[in-house]
Amino acid sequence: MRARELGRKSVVVGDRVGLVGDTSGSSGALARIVRIEARRSVLRRTAEDDASTAEGRLERVVVANADQLVIVSALADPPPRTGFIDRCLVAAYDADIEPLLCLTKADLAGPEKVLDYYTELELPYLLIRPDSPLDALRSLLTGRVSVLVGHSGVGKSTLVNRLVPEAERAVGTVSAIGRGRHTSTSAVALRLPAPPDAQQDPGWIVDTPGVRSFGLAHVSAESLLHGFPDLVEATAACPANCPHTADEADCALDAWVAAGRADPRRLASYRRLLASRAGETDSRTEPDPHGRPE
Ligand SMILES: Nc1nc2c(ncn2[C@@H]2O[C@H](COP(=O)(O)OP(=O)(O)OP(=O)(O)O)[C@@H](O)[C@H]2O)c(=O)[nH]1
Ligand SMILES: [Mg+2]
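In this text, all values refer to a predicted model and were calculated from it rather than measured experimentally.

1. What about the overall build of the chain?
Moving on, step 1. Counting its secondary structure elements, the chain contains nine helices and ten strands.
Moving on, step 2. Computed over the C-alpha atoms, the radius of gyration of the chain is 20 Å, within 12% of the 19 Å expected from 2.2 N^0.38 for a compact globule of 294 residues.
Moving on, step 3. The dimensions of the chain, computed from C-alpha atoms along their principal axes, are 65 × 45 × 40 Å.
Moving on, step 4. Partitioning the contacts of the chain with sequence separation of at least 6, the portion at a separation of at least 24 is 67%.
Moving on, step 5. Total accessible area computed for the chain in this model is approximately 14,700 Å², and 51% of it derives from carbon and sulfur atoms.
Moving on, step 6. In the chain, 35 positive and 40 negative side-chain charges are present, and the distance between their average locations comes to 7 Å.

2. Quick notes on helix α2 (residues 82–95)
Moving on, step 1. For α2, which comprises 14 residues, the first-to-last C-alpha distance of 20 Å matches the rise-based estimate of 20 Å (1.5 Å per residue) to within 8%.
Moving on, step 2. A large share of α2 lies buried, amounting to twelve of its 14 residues.
Moving on, step 3. Inspection of α2 places Thr-82, Gly-83, Phe-84, Ile-85, Asp-86, Arg-87, Cys-88, Leu-89, Val-90, Ala-91, Ala-92 and Ala-95 among the buried residues, and these make up the whole buried set.
Moving on, step 4. Looking one or two places after α2, you find Asp-96, whose phi comes out positive at around 60°.

3. Concerning the nonpolar core
Moving on, step 1. With 49 residues, the main nonpolar core has Leu-43, Leu-69, Leu-231 and Tyr-270 as its most contacted residues.
Moving on, step 2. Listed by contribution, the elements that provide at least two residues to this core are β4 (59–64), β5 (68–74), α2, β6 (98–104), α3 (112–117), β8 (145–149), α8 (253–258) and α9 (264–277).
Moving on, step 3. If you tally residues by element for this core, the top one is α2, at eight residues.
Moving on, step 4. Apart from residues no more than four positions distant in its own chain, Leu-69 is found in contact with Leu-43, Cys-88, Ala-92, Ile-97, Glu-98, Pro-99, Leu-100, Val-147 and Val-149.

4. Regarding the pattern of salt bridges
Moving on, step 1. One pass over the structure, following the stated rule, counts eleven salt bridges.
Moving on, step 2. Across the pair Asp-15 and Arg-39 runs a salt bridge whose closest N-O atoms are separated by 2.8 Å. Of this pair, Asp-15 sits in the segment before β1 (17–21) while Arg-39 sits in the loop between β2 (31–36) and β3 (42–46), placing them 24 residues apart in sequence.
Moving on, step 3. By relative accessible area, which is 13% here, Asp-15 ends up buried.
Moving on, step 4. Between Asp-67 and Arg-40 there is a salt bridge, with the nearest N and O atoms lying 3.0 Å from each other. Taken together, the residues span a long stretch of sequence, with Asp-67 in the loop between β4 and β5 and Arg-40 in the loop between β2 and β3 at a distance of 27 residues.
Moving on, step 5. According to the relative accessible area criterion, Asp-67 is partly exposed, its value standing at 24%.

5. Overview of a nonpolar patch on the surface
Moving on, step 1. A surface patch of nonpolar side chains, about 200 Å² in accessible area, is lined by Val-11, Val-17 and Leu-19.
Moving on, step 2. Its place among the elements puts Leu-19 in strand β1.

Definitions and cut-offs
- Residues numbered from 1 in each chain as written.
- Chains lettered and ligands numbered in written order.
- Predicted model: local features only at pLDDT ≥ 70, side-chain atom pairs only at ≥ 80, totals over all residues.
- Heavy atoms only, no water.
- Helix = DSSP H or I, 4+ residues; strand = E, 2+ residues; numbered from the N terminus.
- Rg over C-alpha atoms; globule rule 2.2 N^0.38 Å.
- Contact = heavy atoms within 4.5 Å.
- Areas by Shrake-Rupley, 256 points an atom, 1.4 Å probe, with all protein chains shown as cover.
- Lys, Arg positive; Asp, Glu negative; His and termini not counted.
- Charge placed at Lys NZ, Arg CZ, Asp CG, Glu CD.
- Expected span 1.5 Å × (residues − 1).
- Buried < 20%, exposed > 50% of the residue type's maximum accessible area, 1.4 Å probe, protein only.
- Core = buried A, V, L, I, M, F, W, Y, C linked by side-chain atoms within 4.5 Å.
- Salt bridge = Lys/Arg side-chain N within 4 Å of Asp/Glu carboxyl O.
- Patch = residues over 30% accessible without salt bridge, like charges linked within 9 Å, V, L, I, M, F, W, Y side chains within 5 Å.

Structural data, given as structure tokens:
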């Protein structure tokens, strides 16, 4: 239990804490959390993008002390949404957490469209199908705290069960395209099994409930750009305090894209996020860059 002296400070998954009392873990034992250690990283999201609304100010800490953000996106059922992946990338760079893209359900559709969109980014990615070996993923997870995020039904818990068989995380059926029922309802950290020969800390994996969107009200307009490393260089030629919006005639991003140095869909995605932060659009109805309805 949490000690009263912690006040309203809440403990989140991934926190390192100080305990007093009976820490034996045996039945009926009682220990108290008396201290939360300084967090190495904090992954946050807001319900909406617009910090001027109550929902936008409602900030949730997804996980503390994560080293790696594993963005889980299915290649089909539900279909991938690069707008969502872009948001996760912004959140990862903002929190100083390394991103890894995990494309699941590779048995149902090919990754070409998604990978094409990210060609200019050195974004590490893995393709996952039900029968694919997980050695590459395991080696990227070893010794680190990794958190899985993604829409409901993309296969996060399925992956966790393959990595940590004794986890027995409930997995669900995808009820409608992009509208999976939320099978997992809380974030859970699980210790990865130690490889038989290794002395190293095997690391931790955090399974989280599916989210519809990844609100970024807590990220400044300037920091949004960090999620778009393929565009950053261009802004050196922008006038001082350039807002980088489409109506800014001198913004250097348009010429950069026109010269073929970045994908126009990436610029469009960045500007949609800027507009969404300014409260101009509803983040939940933003169009998919692949032209699919949500
Ligand atoms: N064809 C195929 N189906 C998969 C794959 N991975 C997961 N599934 C199926 O997708 C469905 C949803 O999987 P879950 O693991 O519950 O998804 P989740 O991301 O944990 O969903 P929430 O807990 O709601 O956020 C299940 O029926 C899985 O069997 C895959 O690689 N290929
Ligand atoms: Mg789940």
